[in-house]
Amino acid sequence: MATRDYIKRDKGPARKKPTKGGKRKAAPKKRPFPTKFALLALFLIVSLGAGLVFLSKTPAPEPVANDTQSSAAQAAATQTTQTESAQSSKPTTESAIPPRPQEEWQYKDLLENRTVEIDTPDPSTQQVSTQTYIMQCGAYRSNAPAEERKLQIAFQGLSSEIRVSTNEKGTWYRVVLGPYASKRDAERDRNHLRRAEIEPCAIW
């Protein structure tokens, strides 16, 4: 019976697995050196250095003192000229103020000496009006609502009375205030009752 060799044999170098399609991946290419950016940076550095050298050699400006003094003197001279021209243009007091005119109106004397006559009527000859006014604040078929309306008017501080009248339509109970000497007095009481929502009230 033949013996088997169980000793592992030396394996050769491992083979790279092929990629899909059987082709191997190509090695990445090296990027070229950025020559343009390097030249631009060098140009900027050289320009900055030249500017600093130029500024260091430029002399500092001298203070302008003479111009300030000359402008101040010119302004003072201009103000003096304006003052002299203004004084020369002012008119004299004699030529500027005209003589006072004389008044030709005499209305003051006329009004002081004038009298006004007013015709005042004689009170004894005037006729005094004897007309009176009454105000009715409701007309009812029965006495109960008339008494209720009279009570409402009494709560407002006014006095009224119930007058019974009979006509073709039947008997009426009328709540009446007055008589009033003037219509203005009757309207005053009517406005007072209207504010208390007691209406309508008719004056005649």
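See the structure printed just above.
Everything in this summary refers to the structure shown in the same document. (Residues numbered from 1 in each chain as written. Predicted model: local features only at pLDDT ≥ 70, side-chain atom pairs only at ≥ 80, totals over all residues. Heavy atoms only, no water.)

1. Describing the overall build of the chain
Inference 1: A count of helical and extended segments in the chain gives six helices and four strands.
Inference 2: The secondary structure elements of the chain, listed N-terminal to C-terminal, are α-α-α-α-β-α-β-β-α-β.
Inference 3: Counting the 204 residues in the chain, one finds 11% classified as buried.
Inference 4: Here the contacts in the chain between residues at least 6 apart in sequence split such that 64% fall between residues at least 24 apart.
Inference 5: Per element, the accessible surface of the chain, about 19,900 Å² overall, is 56% carbon and sulfur. (Helix = DSSP H or I, 4+ residues; strand = E, 2+ residues; numbered from the N terminus. Buried < 20%, exposed > 50% of the residue type's maximum accessible area, 1.4 Å probe, protein only. Contact = heavy atoms within 4.5 Å. Areas by Shrake-Rupley, 256 points an atom, 1.4 Å probe, with all protein chains shown as cover.)

2. As for the sheet that holds strand β2 (residues 161-167)
Strand pairs in the sheet, formed through backbone hydrogen bonds, run parallel or antiparallel to each other.
Inference 1: Within the open sheet, the four strands sit side by side as β2-β3-β1-β4. Their pairing is antiparallel. The open sheet terminates on both sides in strands that have one partner only, identified here as β2 and β4 (202-203).
Inference 2: Inspection of the sheet shows β2 paired to strand β3 (residues 170-180) by seven bridges, in the antiparallel sense. Residue pairing across strands places threonine 166 opposite threonine 171, the latter belonging to β3.
Inference 3: Sheet strands in contact with helix α5 (residues 143-155) are β1 (133-140), β2 and β3, and its direction is about 20° off that of β3.
Inference 4: Where helix α6 (residues 183-195) meets the sheet, its contacts fall on β1, β3 and β4, and the angle it forms with β1 comes to roughly 35°. (Pairing = 2+ DSSP bridges. Axes fitted to C-alpha atoms, helices over the stretch in contact; angles between N-to-C directions.)

3. Thoughts on the side chain of arginine 149
Inference 1: With respect to the secondary-structure elements, arginine 149 resides in helix α5.
Inference 2: Within the buried set, arginine 149 has no salt-bridge partner at all; the shortest N-O distance to an opposite charge, 7.7 Å, is to glutamate 148.
Inference 3: Each residue touching arginine 149, except ones within four places of it in the same chain, is listed here: Cys137, Tyr140, Val175, Ile198 and Glu199. (Lys, Arg positive; Asp, Glu negative; His and termini not counted. Salt bridge = Lys/Arg side-chain N within 4 Å of Asp/Glu carboxyl O.)

4. Focus: the state of the cysteines
Inference 1: Scanning all chains against the criterion turns up one disulfide.
Inference 2: A disulfide bridge connects cysteine 137 with cysteine 201, and the sulfur atoms are separated by 2.2 Å. Looking along the S-S bond of the cysteine 137-cysteine 201 disulfide, the torsion reads about 120°, which is the right-handed sense. Placement of the pair is cysteine 137 in strand β1 and cysteine 201 in the loop between α6 and β4, with a sequence separation of 64 residues.
Inference 3: Take cysteine 137: its relative accessible area is 0%, and that puts it in the buried class. (Disulfide = S-S within 2.5 Å.)

5. With respect to a nonpolar patch on the surface
Inference 1: Where nonpolar side chains cluster on the molecular surface, the patch consists of Leu40, Phe43 and Leu44 and spans about 330 Å² of accessible area.
Inference 2: Mapping phenylalanine 43 onto the fold places it in helix α1 (residues 35-57). (Patch = residues over 30% accessible without salt bridge, like charges linked within 9 Å, V, L, I, M, F, W, Y side chains within 5 Å.)

6. So, α1
Inference 1: The terminal C-alpha atoms of α1 lie 34 Å apart, and with 23 residues this matches the ideal 33 Å at 1.5 Å per residue to within 8%.
Inference 2: Where burial is concerned, little of α1 is hidden: zero out of the 23 residues are buried. (Expected span 1.5 Å × (residues − 1).)

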